[in-house]
Amino acid sequence: MSEPLLDVSGLSLAFGGLKAVTDFSLKLHKGELQALIGPNGAGKTTIFNLLTGVYRPQQGEVRLGGRLLNGLPTHKIAASGMARTFQNIRLFGDLTVLDNVRIACHLRARAGLFSALLRTPAHVAEEAAIREKAMALLEVFSLADRHAELSRNLPYGDQRRLEIARALGTEPKVLLLDEPAAGMNPQEKVALSELITLVRHRFGVTVLLIEHDMALVMKICERITVIDHGVTIASGSPLEVQGNPAVIEAYLGAPSAEGH
Amino acid sequence: MGYLRAVSPFLGAIVLAFVMQFGVAPMFGAYYQKLLIDIGINIVLAVSLNLVNGFAGQFSIGHAAFMAVGGYAAGAITYYGSFHVFGDALVHHGQGDVLFLAATLVGGCVAAVAGWVVGLPSLRLKGDYLAIVTLGFGEIVRVLLQLTDDVMFKRADIEAASVGTLALALGGALGFGGLPFYTSIVWTYFFAFTLLVIAVRLKTSGEGRAFLSVRENEIAASAMGIDTTRYKVRAFVLAAFFAGIAGSLFAHEIGTTLNPRELGFQKSFDIVIMVVLGGMGSISGAVLAAIVLTLLPEFLREAASYRMIIYALLLISMMILRPQGLFGVREVWELYRRPKVSRPQVRPPGSLP
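Residues numbered from 1 in each chain as written. Chains lettered and ligands numbered in written order. Predicted model: local features only at pLDDT ≥ 70, side-chain atom pairs only at ≥ 80, totals over all residues. Heavy atoms only, no water.

## So, the sheet that holds strand β6 (residues 82–84) of chain A
Residues and elements named next belong to chain A. Operational definition: A pair of strands is treated as paired once DSSP finds two or more bridges between them. Runs of H or I in DSSP of at least four residues are treated as helices and runs of E of at least two as strands, each being numbered from the N terminus. To get an axis, fit a line to the C-alpha atoms, keeping to the stretch in contact for a helix; angles then go from 0 to 180 degrees between the N-to-C directions. Two residues qualify as a contact provided that any one of their heavy atoms is within 4.5 Å of a heavy atom in the partner residue.
One open sheet accounts for six strands, arranged β6-β7-β8-β3-β9-β10; its pairing is mixed. Here the strands that pair on one side only, and so sit at the sheet edges, are β6 and β10 (231–236). Sheet twist, expressed as the average angle between the axes of neighbouring strands with direction ignored, equals 20°. Packing of helix α6 (residues 156–169) onto the sheet brings it into contact with β6 and β7 (174–178), and relative to β7 it is tilted by some 160°.

In C-alpha cells form, the structure reads like this:
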C-alpha cells in the first residue's frame, strides 16, 4: 500500500507517574475510516489531544502527509490539514451557527486585517465566498435554515453535527471525531453514521473516530484500534477485534480465578 | 467602485465630525460643548477597550494607562514642538492643528507599542491573572510619570535642551500643564467616528470573528486554525492605539489637567464600567454607555461625592438584572430580532475537559 496519510509512531505521554498513552502507533491511509475504541479513561481523547498539539508528545512522531507535526502549535496543525470535534461540545456558543462555520473557513482566507478594515474589493469577494462555502456546509448538515440562531440554542444533536460542519470548514485532510454519537438516541445514531459516510465520500476526508457505540463502529469502520490504559491491545478489522480475548477482557473484565 | 465603498465611511466620519461641530454644537452653550467633547473621548475609550474586553474576551483593567502613555507622548510633542516651531505653546490654528494631528497619531503609536508589550504576557495569562497584570501596568505608568521632571516653560531652555531631557520633563506629580487646547469637537468626533467604522467593519469580517472565537472558546478556536495569541495581541495593540489617541484628545482639551493621578486605575475602572454596562462585545452598547456615564455625573453634580456609590449600585443592579449588559453581544440594529430563550446547555455524560 502507498504511504499513509497520517502516520503516528511510538507516541507516549505521561502525566507525572501516570502513563496516559504508551507507544501508540497508527497508520491512516487516504480515504480510510478507522476507529479508536476503548473503555472510559483509556486515553482516547488524550491521543486526539496529542495529534492536534493540545499536548506535546514526550516520545514518538506524528506525520501528516510526510510532514512532522510534533511540537507545532494547535493552529498550525489545523492549517496543515487536521481538524477535530470535541467530546464535550466546544462550539462558539454566543455566536450564530453560520459564524461558527465561518470562523473555521477563515483559516483558508487570504485577506488580512487591513483589507478587512478598508473593505477592499478582494476582501468583500472573499467574505461572500466564505459565506457561500459555510452555507453549503450547513446545507449538507441540514442546519442551513438555523444559520442565524445562536449555536448554544441548538438542540444537542444539532450541536454535534455543527461541530462536524465547523471542522470541515477548515478543509481538513484528516478529520478526528471525538464521540460524535455521544448522547444521541438510536435514530440519531443511524442518521449520524450515514452522515459520516456521506461526509467521507463527499469531502474526500480521512476519518479517525472515537466512539463507544460498538454497533456504529462495526458498521462503518474498516479498521479498529483498541486501547486500554493507554496501551494498544488490539488492532484490525471489526471482526478480528470483536473476537480478540484481550478486548473482551478490557471491556468485560477478566474471568476470575475462583471461577464464579 | 469598490474602492469608493472602501473609503466612503471614513469620508463620512469627517463629514459627520464637521456636522457635530457646526451643526450640533452651536445649539448648546460652552459648558455642553465641553461635555460633547468628553462624550466623544469616552466613546473612543469605551469602544476601543471593547475590542479587548468584549471582542477578544481578555479582561484588561489598565486602559487609562495606554491613554496616559498616548496623552503624554502627544502632549510633549505639541508643547515642546510648539516652542520650536512658533516660539510659544499657544494655539496656532492651521499649522498647529497639523502638529496636533501628527502628535496624536504618534501618541497612538507609542501607546500601541505599550499595548504590544502588555499584550505579550497575555499569551500566558487568563482571566483574573491578566487583569492583575494590566492593573500593575497602569500603576507602573502612573508611578513613572510621577517621577518625571518639571515642565520647562522658557523658550531658550527648551531650545537648548536635548530631546531626551524634554521627554523626561513631563511635570511629575503636578501634571503636565500649559498644553495648547487643540482638542475640538471636529477632532474628537473625527477619531470617534473613524474608530466606530473600524470596529463595525472588524466585527462583521472574518478577522473580527477570529477575535470573537478567542473569547468564546480558546481551545476550539485554535483547533480551527485561529492563532489565538496573535489575535489577542492584535486586540491589545489596536485598542491601545485608540486609547493613546483618546489620551491626546484629553491632554489638549480645555479644562482638563494631564496628571498621573487623573489617569490612574480609577479612570481605567470608569472605562471598564462603560464596556460592561453597554454589553461586552456590543459596539453600540459601549457608545450608549459612554454617553450615559458621561452625562450621569453631570446630572448628579450636587451628589458628586456619591458618584462612585451610584456607579457601584448601578453596576451591582446591572449584574443582577442584566448580567450581559444593556445589549449583550448584540448591536442596537440587531435588537429587533427576538432573543431565543436560552436553554441550559446539555452536557454529555462523563464529559471531560
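There's more to say after this.
## Focus: the pattern of salt bridges
Counted only if it meets this: Should a side-chain nitrogen of Lys or Arg be within 4 Å of a carboxyl oxygen of Asp or Glu, the pair is scored as a salt bridge. Exposure is judged per residue with a 1.4 Å probe applied to protein chains only, and the accessible area is read against the type maximum: over 50% gives exposed, under 20% gives buried, and values in between give partly exposed.
Within this structure, the stated rule accounts for 20 salt bridges over all chains. Its salt-bridge partner being B:R209, residue A:E127 comes within 3.2 Å of it at the nearest N-O pair. Within this pair, whereas A:E127 is found in helix α5 (residues 121–140), its partner B:R209 is found in helix α9 (residues 206–216), the two belonging to separate chains. Judged by relative accessible area, A:E127 falls into the buried class, the value being 14%. Notably, a salt bridge pairs A:R161 with A:D158, separated by 2.2 Å at the nearest N-O pair. Taken as a pair, A:R161 and A:D158 lie in helix α6 at a separation of three residues, close to a single helical turn. Overlapping salt bridges bring together A:R146, A:E149, A:D158 and A:R161 as one network.

## Here's the deal with unusual backbone geometry
All names here are of chain A. Its identity as a non-glycine residue notwithstanding, D23 has a phi of 45°, on the positive side. Looking at where D23 falls in the secondary structure, it is placed in strand β2 (residues 18–28). Although it is not a glycine, R119 sits at a positive phi angle of roughly 50°. With respect to the helices, strands and loops of the structure, R119 is situated in the loop between α4 (113–118) and α5.

## A closer look at the domain arrangement of chain A
Residue and element names in this part refer to chain A. What counts, and what does not: As used throughout, domain bounds are those supplied by an automatic or database domain assignment. Joining two parts hides part of their accessible area as seen by a 1.4 Å probe, and the buried area is that hidden amount summed over both. By the criterion applied in these results, polar contacts are pairs of N or O atoms within 3.5 Å in which, for protein atoms, one can donate a hydrogen and the other can accept it, and in which residues neighboring in sequence qualify only through two side-chain atoms. Asp, Glu, Lys and Arg are counted as charged, while Ala, Val, Leu, Ile, Met, Phe, Trp, Tyr, Cys and Pro are counted as nonpolar; the rest, among them Gly, fall into the polar class.
Examined at the domain level, chain A breaks down into domain 1 (6–81 + 172–252) and domain 2 (91–154). Centre-to-centre, using C-alpha coordinates, domain 1 lies 28 Å away from domain 2. Every contact between the two is made by eight residues of domain 1 and, on the other side, five residues of domain 2. Interface area for domain 1 against domain 2, summed over the two sides, is near 500 Å², with a carbon-plus-sulfur share of 75%. Considering only the side of domain 1, the residues that lose the most area to domain 2 are A79, L195 and F203, jointly responsible for 58% of the buried surface there. Where domain 1 meets domain 2, there are zero salt bridges. Here domain 1 and domain 2 share one residue pair in polar contact (both at pLDDT 80 or more) between them. Among the elements of the structure, α2 (74–79) and α7 (186–203) are those that each provide at least two residues to the side of domain 1 that touches domain 2. Looking at the side of domain 1 that touches domain 2, its residues break down into six nonpolar, one polar and one charged.

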